[in-house]
Amino acid sequence: MLRMRPFEVVRPTTVEAAVAALIQHGPGAVPIAGGTDLLPNLKHELLGPSHLVALGGIPELFGISRGADGGLRIGAMTPLDEIAASELVRGEAAVLAQAAGLVAGPQLRRMGTLGGNVMLDTRCQWYNQTYFWRSALGFCMKKDGTVCHVVKGGSKCVAAASNDSAPALTVLGAELEFAGPAGSRRVPIQELWRADGIHNKKVESGEILVAAHLPPQPKGRRSAYGKLRERGSIDYPLFGVAVRFDLDPRGAFSDVQGAVVALAARPLELKGLAELFAGLSPEHPDFEAAVEAAGQAAYKQCHPLANIPGDAAYRRRMVPVYVKRTLRAAARGQGPVHHV
Amino acid sequence: MAARDQHGKSAPWSPTPGGEPQFQVVGTAQRKVDGLAKATGQALYTDDIRLPGMLHAKILRSPHAHARIRSIDCSAALALPGVHAVLTGASMPIKYGVIPWTPDENALAVDKVRFIGDEVAAVAAVDEETANEALKRIRVDYEVLPAVFAPEEALTRTDVQIHENPEKPGRGNLSKHVRLEFGDVEQGFASADVVVEGRYRFHGTTHAPIEPHCAVAQVAPDGVLTLWSATQITHYVHRALARVLELPESQIRVIQPALGGAFGGKSDPFALEFCVAKLALVTGRPVKMLWTREEVFYAHRGRHPMQLAYKTGIKRDGRLTAVDAKILIDGGAYSSFGLVTTYYSGQLLTGPYDFPAYRYDSTRVFTNKPPCGPKRGHGSVQPRFAFEVQLDELCERIGMDPIEVRRRNWHGENTQTVNGQRITSSGFLQCLEAVERASGWKQRRGRLPFGRGLGVAGSMYISGTNYPIYPNKMPQAGIQLKVDRSGLVMAFTGGNDIGQGSSTLVRSIVAEELGLDPRDVRVLAADTDLCPVDLGAYSSRVTFMVGNATIDAARKLRRLIQGAVADSWQVSPQRVFMGRGEVFDLEDRSRRISTREAFHIAEERHDTLGSTGSYNTPTLGGDYRGGTIGASPAYSFTAHAVEVQVDTETGRIRVENCWIAHDCGRAINPMLVAGQMEGSAYMGIAEALMEEHDINRHGLHAGPSLLDYRIPTSVDTPELHALIVESLDPEGPYGAKEAGEGPLHPALPAISNAVFDAVGIRLRELPFSPGKVLDLLEQRAASSPSGRLHRTPSALEEARP
Amino acid sequence: MRVLRLEINGDHHEVGAPDHWTLLEVLRYGLGLTGSKQGCDKGDCGACTVHVNGRPVLACMTLAVLTEGARITTIEGLAGEHRRRGGAGVDPLQDAFDRCGALQCGFCQPGMLMSARALLEREPDPSREQIRQALSGNLCRCTGYTQIFQAIELCAAERAGRTPAPPSWSAQPPWDARSHSAPDAEPAPGVSLPQGGR
């Protein structure tokens, strides 16, 4: 068995108590949501907390509800399979339902939460290994060492953000609500990230993610998620792309946004999409040419590294393929794009 | 009566002369002896064993791919409270190896470590956590040596000597070399109309059984050592323990509990078995060691990476003229079964097609990586892949249908291969016909829309061999039957049931022969105290050899019982029929008793009832060194047809259907045979498409987990269609032959051949990653006149009227 | 160390365990319920699948302390649940697995059965595609999944009063190689002949 080092579990029933517990136990305390990311990392001795602050007993962290502004509030502890099956989410935020429905496998979607997926640790084949394995290598700069095994002579960690929910929430304009010692704050999800594989999120100590807030989605919004992975289940993304189109009442595109994940340490927004599709519609004769151009633009912007397991050169070749397929799927209100 | 010389048409297990026997149990789908126990969680696997006072053991592994051990300081570990013992190689210096000619392993490294993961020390402690902590306190002083990972480099580098061999100093890192030639190969090429040469590559895969290795040892107060282990080879482990621990074999007992998958990965003696045994002896407490999934990857013994160069000549009429093979085999750090692997890489290719001339030159090399060994289809899956793809290339060149060419070259039944192997039954033609029909081959191959294609491949495999690993003339399989007055018959067999259902097979045979309800037969397997020796579950020998031994034992009993009842009824024994739990007079059906009553009559007549049965192979194989390796009393035959859809944008190959036709001689339990066929095909498809045992540039396994070493989930697996063919082998039990390994082989080349039909590219390197497919598609598009991809009529189509 | 109060298979247990023990460790080593298996211990294989409040989760990735108050069902409890619902013997799904040959080495099967049972509770008559999806977190190395699908389909069909299509190996008799003739066989169902190449 992969035995974990001892820790104590604290089971608060309110957000305030959770924050207080994190502060009380300092850097030795981490929150635990579904545990599906945390436990393997603990078993790999990637961290050695003294206390786990369990969030599963805090009712306000659960559930999908209509916000006061007419948008959706999704509690951070809402399981991914509930999000994938939710009529509300499927109706208004299809890309998020699709992304949630493709995370890992069935059991892990029952255990895993939206918050856990947003707050996922970055991943790298040189990092997500046992202590013995990493020691044979002399460790790496993300944990216990100083060298990067992905980029020779690299000075920055390039472990990959691997959370499918992140690009989906990005294109939906989500804001994340944190609670911490300084109180509550909301931040647009794009502003959460740092391009640093070691600490890729701007989060203060003692903060926990409370909920994701989606603004009211425009009526003509269509969105879809595309996920490249080797198997049809269980695997993390080798590349993920979320796309949304907004259509005006005449059926023409008024806006388009794309975001990608599983490249480097932070999810990225694809640049220049709006210009390519301006004035077009899904049925427009130039739509396909715009899709093609968008694929090429994505290819230029996306540079997969040999961080996560999976041929980096092949992943790069798949960037335009998956971006194009997801654009088409989103424009038609279909998706997800997934080989199985 | 020993089975030793009872072979051929008059063998006791041949069909009764004068017609097909009416079976009551054989040929029907029977439940397994342990099915419900497994379904309810009651079956006891090795890690389920818990003994009072049991300690937990862990192994310290080398972080270096190649290093000399200067010293090991265990003092800090021993000082940790809860630690009962620490072992190093010095405590077990005697070398072992599953093949007696190549004993190059130690339970714990004595002076050198040879790959990252090699075992260095072992700790027994009160629990796993303490044992883990103790490992971290062991100080090993290594002198790091240069390591070599590429087999070509290992052959040439004189500065890296992985195994010192004082008797053969010039040997370098050579593990084994075999070069054999049969017939005149050069003449064969000269007489060919078309000769094709090609290079093929197999990257390397591992077994990935869902159960990690586990062993528990206990020493009784009187000194008898008992080892429970998830092993396929209780008998060989028994012998190895005695050798390494310097204990008499009679004072050691080895038991195989329910086992969670093996596929050849549990058919070596392993460090954990020696360590728990030694630790139990040293501490006086029971000791358990359960490997983590990562450790299973280091233990490996998986399929050897091979670089294969084939050259084949063919005539325009489709007849092969000669085959030449040169193979470089990457053996990893130890020999394991490597001697056999090297022979198998050539010996097992000479069927189902007639090779008028054949030559192979195979070299196995040591490298500083986890040792390779036998994986389902040991040593023959890679050559079969290369050859069946090359055969398809030859078909393309001469414009002949791939199934037709295979038909024309079939060697037939009751013949001999070019390398001296005796072929008895062969249902290969029916296998071809079955997949041809099931896949709609004639109507669809070469005619499906671009991106979709059909491929075919054939193969042959051994049902055990003539070679008992250690030289001896004793039976290869033995069984003991005990008759109880309750009406129960108990069978004791050394045959290891590793999930394939060998104990169920034994039950079915005993029930058939004695006319019993299978529920009145129980089987106890793989306990060296209680069961006669069986050599183990490897080389697909169990159905054939244990099955024959069981018939032998059961028929002896039947004669005893029939004789006693006949005496009691005063009729001739031929009139006494045993069936369906009853015994009756064939000529007076009103005279009938229960089988239980018949047992009483027999016990009164013959005293305590029981019998033994055994089987040994006839003398087989060519008359040359190595000629017995690969010589089997019967060969199975397989054909696959595979339908693929290739996504030319992503390079991804999706197998839509896999039709598996397998000649198993006779399906004693067709449900279990189908399960073996489907499971084998699944594993072959997995190796073709996604499995990659990858050692990185540091000598570390790139991803020793079931997340990174990918095996197909239920959504990744195609529809598998098992089509059973029966050729009724004259020497198999009721005609049965193997079904556990043969049906894997054709999957890999059939997929490559289907991809060729679909998009016109030749996949010669495994696995068929999407990146490789895209590269080949790009090359093909670049070389096509239009610069685009489309289905070009094959030479075959051009030849059609 | 804490005394955990766990409800497992309808029984209330008090078991001492440290907070850092997983549910799998408590089941196997604390309570002697060894039916749930350890294949990888980090969520990659599904062999440890149990039900928490009727839904399949991975016991190796669940902290035991966080299951207090939940209803846990393991493979050992399936037959009991069946009997509580008025049945006899083992769960019909367990029986169907045995009848279809779905249990080879059997090591993945406790987890597989828990996922399958949860599927049939939600979806009493699932399509093969739904079965594939529901089992896609449970790795099997022995069967190629085919006989597992057949077992689930058999169980669902019998409950619905239907007879499912027989598996390929029993749908036609074995091809008899001795007489060198093959049973009459059309191309397999689902194989559609082409309309012509492109």
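Residues numbered from 1 in each chain as written. Chains lettered and ligands numbered in written order. Predicted model: local features only at pLDDT ≥ 70, side-chain atom pairs only at ≥ 80, totals over all residues. Heavy atoms only, no water.

## Details of the overall build of chain A
So the rule is basically this: Helical segments are the DSSP runs of H or I of at least four residues, strand segments are the runs of E of at least two, and each set is numbered from the N terminus. The rule is simple: take the accessible area with a 1.4 Å probe, protein chains only, and divide by the maximum for that residue type; under 20% is buried, over 50% is exposed, in between is partly exposed. Any two residues having at least one pair of non-hydrogen atoms within 4.5 Å are treated as being in contact. His is not counted, nor are the chain ends, whereas Lys and Arg count as positive and Asp and Glu as negative. Just so you know, the charge point we use is NZ for Lys, CZ for Arg, CG for Asp and CD for Glu.
A count of helical and extended segments in chain A gives 12 helices and 12 strands. Among the 340 residues that make up chain A, the fraction classed as buried is 62%. Sequence separation of 24 or more characterises 62% of the internal contacts of chain A that already satisfy a separation of 6 or more. Charged side chains of chain A number 38 positive and 31 negative; the gap between the two group centres comes to 5 Å.

## With respect to the overall build of chain B
How we decide: In this treatment the radius of gyration is a C-alpha quantity, and the globule benchmark scales as 2.2 Å times the residue count to the 0.38 power. Shrake-Rupley sampling with a 1.4 Å probe provides the accessible areas, and residues are treated as covered by the protein chains on show and by no other component.
Counting secondary structure elements, chain B contains 20 helices and 29 strands. Taken over the C-alpha trace, chain B has a radius of gyration of 27 Å; the compact-globule value for 801 residues is 28 Å, and the two agree within 12%. Looking at chain B residue by residue over its 801 residues, the buried ones come to 69%. Counted over contacts in chain B with a minimum sequence separation of 6, partners at least 24 positions apart contribute 80%. For chain B, the exposed area adds up to about 25,000 Å²; of that, 49% sits on carbon and sulfur atoms. Considering chain B, the positive charge centre built from 87 side chains and the negative charge centre built from 93 side chains are found 1 Å apart.

## As for the nonpolar core
Where a protein is soluble and globular, its nonpolar side chains tend to be buried together. For clarity, the cut-off: Think of a nonpolar core as a cluster: buried Ala, Val, Leu, Ile, Met, Phe, Trp, Tyr and Cys residues, connected wherever their side-chain atoms sit within 4.5 Å.
In terms of nonpolar packing, the biggest core is built from 314 residues, with A:L96, A:F245, A:F277, B:I751 and C:F97 touching the most fellow members. Residues contacting A:L96, with those up to four places away along its chain left out, are A:I74, A:I83, A:V89, A:L114, A:S165, A:A168, A:L169, A:L172 and A:L214. Counting residues in hydrophobic clusters, the runner-up holds 43 residues, among them B:A230, B:I498, B:V546 and B:W569.

## Considering the domain arrangement of chain A
The line we're drawing: Note that the domain bounds were set by an automatic or database domain assignment.
Taken domain by domain, chain A consists of domain 1 (1-53) and domain 2 (221-331). Measuring from the centre of the C-alpha atoms in domain 1 of chain A to the corresponding centre in domain 2 of chain A gives 36 Å.

## Re the side chain of B:E738
Residues and elements named next belong to chain B. Rules: One side-chain nitrogen of Lys or Arg within 4 Å of one carboxyl oxygen of Asp or Glu is enough to make a salt bridge. Think of a polar contact as two N or O atoms within 3.5 Å of one another; within protein, one of them needs to be a possible hydrogen donor and the other a possible acceptor, and neighboring residues in sequence only count if both atoms come from side chains.
With respect to the element layout, E738 can be found in the loop between β28 (719-726) and α18 (747-759). Despite being buried, E738 has no salt bridge partner; R376 is the closest side chain of opposite charge, sitting 7.5 Å away. At a separation of 2.8 Å, a polar atom in the side chain of E738 contacts the side chain of S540. From its side chain, E738 meets the backbone nitrogen of G742 in a polar contact 3.0 Å long. In contact with E738, not counting residues within four places along its chain, are Y461, I462, S463, S540, S636, H662, D663, C664 and P743.

## Observations concerning the interface of chain A and chain C
Condition: For any pair of parts, buried area is found by adding up, for both, the accessible area (1.4 Å probe) each one loses once the two are put together.
Each partner contributes to the interface: chain A provides 29 residues, whereas chain C provides 34 residues. Between chain A and chain C the total buried area reaches about 2,600 Å² when both faces are included, carbon and sulfur atoms providing 61% of it. By the criterion of area lost to chain C, the three top residues of chain A are A:M1, A:R11 and A:Q107, representing 26% of everything that side buries. Connecting chain A to chain C are four salt bridges. The salt bridge involving A:R11 is made with C:E68; its shortest N-O contact spans 2.8 Å.

## Quick notes on the sheet that holds strand β15 (residues 358-365) of chain B
The cut-off we apply is this: Only when DSSP finds a minimum of two bridges between them are two strands counted as paired.
Strand order across the open sheet formed by six strands is β7-β15-β14-β13-β8-β29 (chain B), with mixed pairing between neighbours. Where the open sheet ends on each side, the last strands, each with one partner, are β7 (174-182) and β29 (765-766) of chain B.

## With respect to the packing of helix α3 (residues 92-100) of chain C against helix α4 (residues 109-122) of chain C
All names here are of chain C. The criterion, for reference: Angular values range over 0 to 180 degrees, each being the angle between N-to-C directions of two axes fitted as lines to C-alpha atoms, with helices fitted over their stretch in contact. Our angle categories are set so that under 35 degrees counts as roughly parallel, over 145 as roughly antiparallel, 65 to 115 as roughly perpendicular, and the remainder as oblique. The sense of a crossing depends on the near helix, which, turned anticlockwise from the far helix by less than a right angle, makes the crossing left-handed and, turned clockwise, makes it right-handed. Under this grouping Gly is polar, as are all residues other than the nonpolar Ala, Val, Leu, Ile, Met, Phe, Trp, Tyr, Cys and Pro and the charged Asp, Glu, Lys and Arg.
One way to put it is that α3 packs onto α4 with a least axis distance of 10 Å and a crossing angle of 125 degrees. Put simply, α3 runs oblique to α4. Of the two elements, α3 crosses α4, and the hand of that crossing is right-handed. Here α3 contributes P92, L93, Q94 and F97 to the contact with α4, which in turn contributes Q109, M112, L113, A116, R117 and L120. For the contact of α3 with α4, the residue count by class is seven nonpolar, two polar and one charged.

## Focus: the pairing of strand β13 (residues 306-314) of chain B
Residues and elements named next belong to chain B. In terms of burial, β13 is a largely internal element, seven of the nine residues being buried. In the sheet, strand β8 (residues 194-202) pairs with β13 via nine bridges, with the strands oriented antiparallel. Opposite F202, over in β13, you have M306 as the bridge partner. Between β13 and strand β14 (residues 320-330), which pair antiparallel one after the other, the connecting turn spans five residues, and G318 there sits at a positive phi close to 95 degrees.

## Brief notes about the domain arrangement of chain B
Residue and element names in this part refer to chain B. According to the domain assignment, chain B contains domain 1 (47-145 + 210-261 + 266-299), domain 2 (399-463 + 625-799) and domain 3 (474-615). In this structure, domain 1 and domain 2 have C-alpha centres spaced 39 Å apart. Contact with domain 1, which involves six residues of that partner, is made by 10 residues of domain 2. Linking domain 1 to domain 2 there are zero salt bridges. Viewed at the interface, domain 2 and domain 1 are joined by zero residue pairs in polar contact (both at pLDDT 80 or more). Classifying every residue of the side of domain 1 that touches domain 2 gives four nonpolar, no polar and two charged.

## Details of the side chain of A:S233
Inspection of the secondary structure assignment puts A:S233 in the loop between β9 (221-228) and β10 (239-247). If we ignore the near neighbours within four places in the chain, the residues touching A:S233 are A:A104, A:G105, A:P106, B:T713, B:V715, C:S136 and C:G137.

## A few points about unusual backbone geometry
All names here are of chain B. Residue P352 is bonded to the preceding G351 through a cis peptide linkage, with omega at 0 degrees. By the element assignment, P352 lies in the loop between α9 (338-347) and β15. With an omega of -5 degrees, the peptide bond between L766 and P767 qualifies as cis. Considering the arrangement of structural elements, one finds P767 in the loop between β29 and α19 (770-783). You will see that A208, though not glycine, has its phi angle at about 50 degrees, which is positive. Here A208 is to be found in the loop between β8 and β9 (214-219).

## As for the sheet that holds strand β3 (residues 51-54) of chain A
All names here are of chain A. In spatial order, the strands read β1-β3-β2; together these three strands make up an open sheet with parallel pairing. Pairing within the sheet leaves two strands with one partner each, and these edge strands are β1 (8-10) and β2 (29-32). Pairwise comparison of adjacent strand axes, ignoring direction, gives a mean angle of 30 degrees for this sheet. Where β2 and β3 come together, four bridges link them in parallel fashion. Across the sheet, V30 pairs through a bridge with L52, a residue of β3. Where helix α1 (residues 15-25) meets the sheet, it contacts β1, β2 and β3, and its direction lies at approximately 150 degrees from that of β2.

## Considering the interface of chain C and chain B
On the side of chain B, 78 residues touch chain C, which itself brings 70 residues to the contact. Carbon and sulfur atoms make up 55% of the surface buried where chain C meets chain B, a total of about 6,200 Å² over both sides. Together, C:R141, C:W169 and C:W175 form the three largest contributors to the area buried by chain C at its contact with chain B, with a combined 16%. For the salt bridge of C:R28 with B:D48, the shortest nitrogen-to-oxygen distance reads 2.8 Å. At the boundary of chain C with chain B, the tally comes to 30 residue pairs in polar contact (both at pLDDT 80 or more). Looking at the side of chain C that touches chain B residue by residue, the classes come out as 32 nonpolar, 22 polar and 16 charged. Both β28(B) and strand β6 (residues 175-176) of chain C contribute to a ladder of two bridges, which runs parallel. The residue bridging B:V725 from the neighbouring strand is C:W175, located in β6(C).

## Some details on the confidence of the model for chain B
Residue and element names in this part refer to chain B. Rules: Per-residue confidence from the predictor is reported as pLDDT, which spans 0 to 100.
Considering every residue of chain B, the mean pLDDT works out to 95; 96% of them sit at 70 or more. In this model, residues 1-5 is a region of pLDDT below 50 whose contacts with residues beyond four sequence positions or in other chains number 12 contacts. Note on the complex model: pTM 0.96, ipTM 0.97.

## Notes on the environment of A:T170
All names here are of chain A. The topology assignment puts T170 in helix α9 (residues 165-171). Its relative accessible area of 4% is what places T170 among the buried residues. In this view, T170 contacts I189, Q190, Q257, A259 and E269; residues no more than four positions away in its chain are not counted.

## Let's talk about the pattern of salt bridges
A complete count under the given rule lists 104 salt bridges over all chains for this structure. A:E292 is the salt-bridge partner of A:K324, the closest N and O atoms lying 3.2 Å from each other. Taken together, the residues span a long stretch of sequence, with A:K324 in helix α12 (residues 312-331) and A:E292 in helix α11 (residues 287-301) at a distance of 32 residues. Salt-bridge contacts for B:E105 lead to B:R301; the nearest nitrogen and oxygen are separated by 2.8 Å. Of this pair, B:E105 sits in the loop between β3 (83-88) and β4 (112-113) while B:R301 sits in the loop between α8 (293-299) and β13; the two residues are 196 residues apart in sequence, bridging distant segments of the chain. On the basis of relative accessible area, B:E105 is assigned to the buried category, the value being 5%.

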